[in-house]
Amino acid sequence: MDISIQYKTSVPIVSHVKPDGTAWTLKEKLWLGMPFQDYKRLALKNPVNWVLLAIFAVGIPLLLMRYLGGLDTVTNSSDDYPWGVFLGFGLFGMVPLSASGFLLGTTVEIFDRRDFLPIERLALLNGLLGYFFAVVYLLIDVGMPWRIYYPMIISLGPAAVLFLVAWHVATYLSVQIAEVSSAFFEWIGWLKAKRFIKAITLGLTIAGIILSTLHQGALGALFNYAPTKVHPLWFSASYNWIHFFCSAIFAGLSMVIVSSTICKHFLRWRCDTRFLGSVDDLTIKLGKGCAYAMITYLVIKMIGVAHDNDWAYLFTGWGQYFLLELGVGVFLPMLLFAFGVKHRSANLVRFAAFNAVLGIIWNRLNVALICFNWRMYQEIPRWQELWITLTILAVYFVVYRFILYRLPILYQWQGQR
Amino acid sequence: MKFEHRKMVIAMVLLLAGSCFAPGISPGQYQYAPPPKEITIDYLSDWYGPVQYNHEKHAQRADCQDCHHHTTGPEDSERPFRKRVNPACLVCHEQSPPSETVSCKQCHTRQQFYPGEVVKSDNPVLYHIDRTGLKRAYHQACMPCHLEKRTHTSCDSCHALTEKGRQAYQLQDKTGQKESSGQNE
Amino acid sequence: MINRRHFMKGGLAASTIGALGLSKKSEAADFAGYPDSMGVLVDLSRCIGCRSCEAACNSEQQLPPPEKPFNDFSVFEELRHGQKRRPDENTYTVVNSYDPPALDHPLFRKIQCNHCLEPACLTSCFVNAYTKTPEGAVIYNPDVCVGCRNCMIACPFYIPAFRYSSAFQPRIMKCVFCHDTRLREGKPPACVESCPVEALTFGRRTDLLAMGKQRIRQNPESYVNHIYGEHEAGGTAWMYLSPAPFEQAGFDTTVPNEPILNYVKDFLSFVPMVLMIWPALFAGFHLLAKRKNDNTSAATQDNEE
């Protein structure tokens, strides 16, 4: 929906004032500077919204069932497989993809790579929303979500890895909200608040990288609790956490490439020339980072297999599956990244990024669900569980889109900054 | 020893040995009252009712010692006493006299055996670290033979369920409905 | 704006606080276990599969009524996903029947929480919902549980079950060694008392180990020379003797001989290092990068002049 064609002069909104000098009201800002009826009409014409509506039509009743009837109305309620797709995809899958926040934050603020500035806010937003919705998935999966704050103040179990995850995710969410809030403050015109955030940005970024290292690793360390249950090729007592942390690096970078690609194509009206002019070059640079992270990951994976002397497992059926996952999910995109960077083809890098993102999701689902209880029967999730996962993903998409349409993420605010 | 004394000793030994062959008496057997034909065993009744035990019938099929282990009964050359006893017991009890009673519950207590008893008893050489309680003793006396002969192998074929037992096992009552049991939650 | 002086001041302050070391020496490393910790020895050569223990547990713990009565033995044929029965949200203990090739008769096994000495469930719980009591029971507090089910992931014996069917009061369901009703007063759990053949013997764990070894010594052809639970998962309070190899009775013999806790110690010990080193490391990177960029822009400025 290219609003700029229909409303050439007043939208997209890029500053506090309209072209004629009067200020935009908040409501006008929300409806993108057009009358609400027009906004509604445009929204209903959008086929993407029809798909979303169809998803919600089934998903919302399912969510009600989950909360009013209990988890066994929508999941397999398995005692052997306590964690299902909500955590396997929603938490373990989305969190590494949301590592973009700390990665780009570190690149720009710590390593002083100002060339990445145009894409930094998108990466931060991606990170924030990813973590936020990972928490939403948690609130759906956990038996008593109204008690989610218990490990903070009611009853602490500090020796548990999950304790670390809980505290870090909560703290890191605050860090990310603060980082993204500068875009919000610009948009809404609270410049004092924005300046405060700018002053503490370096501290926030260092906090972000500490928290991210630990909790990305901790998600891997969670599976250290089940040494007999995860297949040996996906389990390494010493390296689980490194595997998860290292793969989070190229997961986050790839996700930035993926979102920037989607934005470049479908939100072109919202992007400014600074973004559009640099996105291809930045994509290639990110691709370079991904390739390095991937080769590191592959080496550490091999060390993990060697350390536990699991070579014999490579010759089994599970071993072939393992090699397939590494080959198609990591090795192939790594090659594509390398070629793309060498021949300066942003589109090849983009394809590799989509590949890598799917590879990461596949890896996390393997560790958490498919190769879990490998000596037992295989658990197939119920369609209700999959549909709810899709529903929350749709909500994530809607929120993501809502923010991108309005806040100065893909464009620079022309008003006071 | 003087010759006369030696003769007396030999005579006494012969007399005693001869008394072995007196009918109904063997070395180490006390004179017990004849056992009742039927016995009601209800000392431990709780989930199950009493056992109406036909002692006469069982006495015809087995030796006394098979159940009242090494406490009573004539020696049998084909199945001597030594072969029916756990060799671990023989280490100390090979020469032990028979006990004064045939009743199981005199030695096997109602309370199950707990190894803590051994510690409490203050006896450093007590080897009975594994002495069974009465419930097991009852079952162990009967079950091995019954399993071998394949008769009366279900629980209620020897003792009927009481009302309490029916509730404990969550049995359906005669109308086919589940009987009420403990609370939910 | 952070400058070198502020950074050094801050770093010095942080290191001093860290070095003062507010923690005292850990007592956990020297703890040898509670001396009167109780346990149960389960002798599979005695179990006749009567399921009285299941009935007693259901009654004692006021669990919901089962689908079939407890003296219905068709449950031994039940399979779910190709697996035999396991404890679930309504059942703290089950008895299963196995046909080991080494024996000519079925072997029965009672499954319940093994009340490990260093429980994995306790280790993994981030709200401290589990406690290993001095009497030896591993008990659970439903009032702090959030329902994350990490304990179910951690337990190597697949014991904790979750009451998924409840929307507002879900909780973990597992054997609690009859702690509230019996163990606290030194009494044996209900299942032990109900067993007609004393397949279950209650006592101090140390005494039970001695007793179990004595049984094996006195009847070597009747038992496999191993007490399952002596070392598995770091040692459990409920231990097993078996006349047939343990794998043939459904036991997982690959459970490691160390507590599951040991598998996460390496990662957890890494946390303080990251917290201390990362700030210095990345502040350092930042200063290096800034200096490089300042030099570059100064050089271009010089060139332009």
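Quantities reported herein were computed from a predicted structural model and do not represent experimental measurements. Within each chain, residues carry numbers counting from 1 in the order of the written sequence. A letter from A marks each chain and a number from 1 marks each ligand, given out in the order of writing. Only residues with pLDDT of at least 70 are given local features in this predicted model, and only at 80 or more are side-chain atom pairs given and counted; all residues enter the totals for whole chains, interfaces and linings.

Q: I would appreciate a short explanation of the overall build of chain A in the present structure.
A: Summing up its helical and strand segments, chain A has 17 helices and 0 strands in all. It is over C-alpha atoms that the radius of gyration is taken, and the globule rule equals 2.2 Å times the number of residues to the power 0.38. What you see for chain A is a C-alpha radius of gyration of 22 Å, in line with the 22 Å of a compact globule of 417 residues. Oriented by its inertia axes, the alpha-carbon framework of chain A measures out at about 75 × 55 × 40 Å. Numbering goes from the N terminus for both helices and strands, where a helix is a DSSP run of H or I of at least four residues and a strand is a run of E of at least two.

Q: I would appreciate a short explanation of the overall build of chain C in the present structure.
A: A count of helices and strands for chain C gives 7 helices and 9 strands. Here the C-alpha radius of gyration of chain C, 27 Å, is well above what a compact globule of 305 residues would show, namely 19 Å. Oriented by its inertia axes, the alpha-carbon framework of chain C measures out at about 100 × 45 × 40 Å. For every residue, the other C-beta atoms within 10 Å of its own C-beta are counted; 20 or more classify it as buried, 12 or fewer as exposed, and values in between as partly exposed. C-beta atoms are placed from the backbone. By residue count, 45% of the 305 residues in chain C fall in the buried class. Note on contacts: each residue gets a C-beta atom placed from the backbone, and two residues are in contact if those atoms are within 7 Å. Pairs at least 24 residues apart make up 63% of the contacts formed inside chain C by residues separated by at least 6 positions.

Q: What's the story with the pairing of strand 3 (residues 107-111) of chain C in this structure? I'm lost.
A: Working note: regular strand, side chains alternate between the two faces of the sheet. Residues and elements named next belong to chain C. Of all 5 residues in strand 3, 4 are buried; the element is thus mostly enclosed. When DSSP finds two or more bridges between a pair of strands, those strands are recorded as paired. Pairing geometry for strand 2 (residues 94-98) and strand 3, over 5 bridges, is antiparallel. Pairing of Val-95 across the sheet is with Lys-110, part of strand 3.

Q: What is the right way to read the nonpolar core from this model?
A: For soluble globular proteins, nonpolar side chains are generally found buried alongside one another. Here a nonpolar core is just a set of buried residues of the types Ala, Val, Leu, Ile, Met, Phe, Trp, Tyr and Cys, joined wherever their C-beta atoms sit within 7 Å. Judged by nonpolar contacts, the single largest core of 204 residues is most densely connected at Val161(A) and Tyr225(A). In terms of residue count, the dominant contributor to this core is helix 13 (residues 240-266) of chain A (14 residues). If we ignore the near neighbours within four places in the chain, the residues touching Val161(A) are Ala218(A), Ala221(A), Leu222(A), Val264(C), Phe267(C) and Leu268(C).

Q: What should I look at first to understand the packing of helix 8 (residues 117-141) of chain A against helix 10 (residues 161-188) of chain A in this one?
A: To describe two helices that pack against each other, one gives the angle between their axes and the distance between the axes. Residue and element names in this part refer to chain A. Axis definition: a line fitted to C-alpha atoms, limited for helices to the stretch in contact. Angles are taken between N-to-C directions and run from 0 to 180 degrees. With their axes 9 Å apart at the nearest point, helix 8 and helix 10 run at an angle of 140° to one another. Seen from above, helix 8 lies across helix 10 with left-handed handedness. Taken together, the residues of helix 10 that come into contact with helix 8 (itself represented by Arg-121, Leu-124, Leu-125, Gly-127, Leu-128, Tyr-131, Phe-132 and Val-135) are Val-169, Tyr-172, Leu-173, Gln-176, Ile-177, Glu-179, Val-180 and Ala-183. Partitioning the contact of helix 8 with helix 10 into residue classes produces 12 nonpolar, 2 polar and 2 charged. In a left-handed crossing the near helix is turned counterclockwise from the far helix by less than a right angle, and in a right-handed crossing that turn is clockwise. Polar here means any residue other than Ala, Val, Leu, Ile, Met, Phe, Trp, Tyr, Cys and Pro, which are nonpolar, and Asp, Glu, Lys and Arg, which are charged; Gly is therefore polar.

Q: Help me understand the interface of chain A and chain C, please; the structure alone is not making it clear to me.
A: A common way to state how big an interface is: give the accessible area lost once the parts meet. With 49 residues of chain A in contact, the opposing surface of chain C contributes 54 residues. Residue assignment for the side of chain A that touches chain C shows that the elements contributing at least two residues are helix 4 (47-69), helix 9 (150-153), helix 10 and helix 12 (201-221) of chain A. The leading source of residues in the side of chain A that touches chain C is helix 12 of chain A, at 8 residues. For the side of chain A that touches chain C, the class distribution of residues is 33 nonpolar, 11 polar and 5 charged.

Q: Hey, could you run me through the sheet that holds strand 1 (residues 38-43) of chain C in this one?
A: Picture the strands of a sheet paired through backbone hydrogen bonds; they go either parallel or antiparallel. Residues and elements named next belong to chain C. An order of 8-1-9 is seen for the 3 strands of this open sheet, with the pairing classed as mixed. Both edges of this open sheet fall to strand 8 (200-204) and strand 9 (238-241), since each of them pairs with a single strand only. On average, each strand axis in the sheet is tilted by 25° relative to the strand beside it, whichever way the strands run. Of the strands in this sheet, strand 1, strand 8 and strand 9 are in contact with helix 6 (residues 205-218), which crosses strand 8 at around 130°.

Q: Any chance you could explain helix 8 of chain A here in plain terms?
A: Given 3.6 residues per helical turn, the α-helix brings residues three or four places apart onto the same face. To estimate the expected span of a helix, subtract one from its residue number and multiply by 1.5 Å. Taking 1.5 Å per residue as the helical rise, helix 8 of chain A with its 25 residues ought to reach 36 Å, and the 36 Å between its terminal C-alpha atoms agrees with that figure. Burial within helix 8 of chain A is extensive, with 20 of its 25 residues counted as buried.

Q: In this structure, what is going on with the pairing of strand 9 of chain C? I would like to understand it.
A: All names here are of chain C. Side chains of strand 9 alternate between two faces, with Trp-238 and Tyr-240 and Met-239 and Leu-241 buried alike. Here strand 1 pairs with strand 9 via 4 bridges, running parallel. Its bridge partner lying in strand 9, Leu-41 is registered against Met-239.

Q: What am I meant to see in the environment of Thr75(A) here?
A: Residue and element names in this part refer to chain A. Assignment of secondary structure puts Thr-75 in the loop between helix 4 and helix 5 (85-91). Of the residues examined, Thr-75 has 22 C-beta atoms within 10 Å and is grouped as buried. Remark: the alpha-carbon pair of Thr-75 and Tyr-321, spanning 246 residues in sequence, is separated by 26 Å. Not counting residues up to four positions away in its chain, the partners in contact with Thr-75 are Gly-84, Arg-382 and Glu-385.

Q: How do you make sense of the packing of helix 14 (residues 273-307) of chain A against helix 15 (residues 317-342) of chain A when you look at a structure like this?
A: Residue and element names in this part refer to chain A. Contact pair helix 14 / helix 15: the axes reach a minimum separation of 9 Å and the direction vectors enclose 140°. The orientation of helix 14 with respect to helix 15, classified from their angle, is oblique. Two packed elements cross with a definite hand, and for helix 14 against helix 15 that hand is left-handed. The residues of helix 15 that touch helix 14, namely those facing Ile-284, Gly-287, Lys-288, Cys-290, Ala-291, Met-294, Ile-295, Tyr-297, Leu-298 and Lys-301, are Leu-326, Val-330, Phe-331, Pro-333, Met-334, Phe-337, Ala-338, Gly-340 and Val-341. For the contact of helix 14 with helix 15, the residue count by class is 15 nonpolar, 2 polar and 2 charged. By the definition adopted for this analysis, an angle is roughly parallel if under 35 degrees, roughly antiparallel if over 145, roughly perpendicular if from 65 to 115, and oblique otherwise.

Q: Even after reading the chapter, I still don't get unusual backbone geometry, so can you show me in this structure?
A: The phi angle of most residues is negative, glycine excepted, and most peptide bonds adopt the trans form. Positive phi outside glycine occurs at Asn309(A), with the angle close to 55°. The topology assignment puts Asn309(A) in the loop between helix 14 and helix 15. What makes Asn309(A) exposed here is the crowd of 9 C-beta atoms within 10 Å. Within the chain, His152(B) stands out as a residue other than glycine whose phi angle is a positive 45°. Along the chain, the position of His152(B) falls in the loop between helix 6 (134-149) and helix 7 (163-168).

Q: Help me understand the environment of Leu275(C), please; the structure alone is not making it clear to me.
A: Turning to its location among the elements, Leu275(C) is positioned in helix 7 (residues 262-304). Residues Leu275(C) and Glu78(C) lie 197 residues apart in sequence; the distance between their C-alpha atoms is 52 Å.

Q: Could you clarify how one ought to interpret the confidence of the model for chain C in this entry?
A: Interpretation of the predicted coordinates at a detailed level should be avoided for regions scoring low in pLDDT. The share of residues in chain C with pLDDT of 70 or more is 92%, and the mean pLDDT across the chain is 92. Listed scores for the predicted complex are pTM 0.89 and ipTM 0.93. Predictor confidence is given residue by residue as pLDDT, running from a minimum of 0 to a maximum of 100.

Q: Which parts of the structure should I look at to understand the environment of Cys53(C)?
A: Residue and element names in this part refer to chain C. Here Cys-53 shows up in helix 2 (residues 52-60). Expressed as a C-alpha distance, the spacing of Cys-53 and Val-95, which sit 42 residues apart in the sequence, is 8.4 Å. When near neighbours in sequence (up to four residues on either side) are disregarded, Cys-53 contacts Thr-93, Val-95, Lys-110, Cys-191, Ser-194 and Cys-195.

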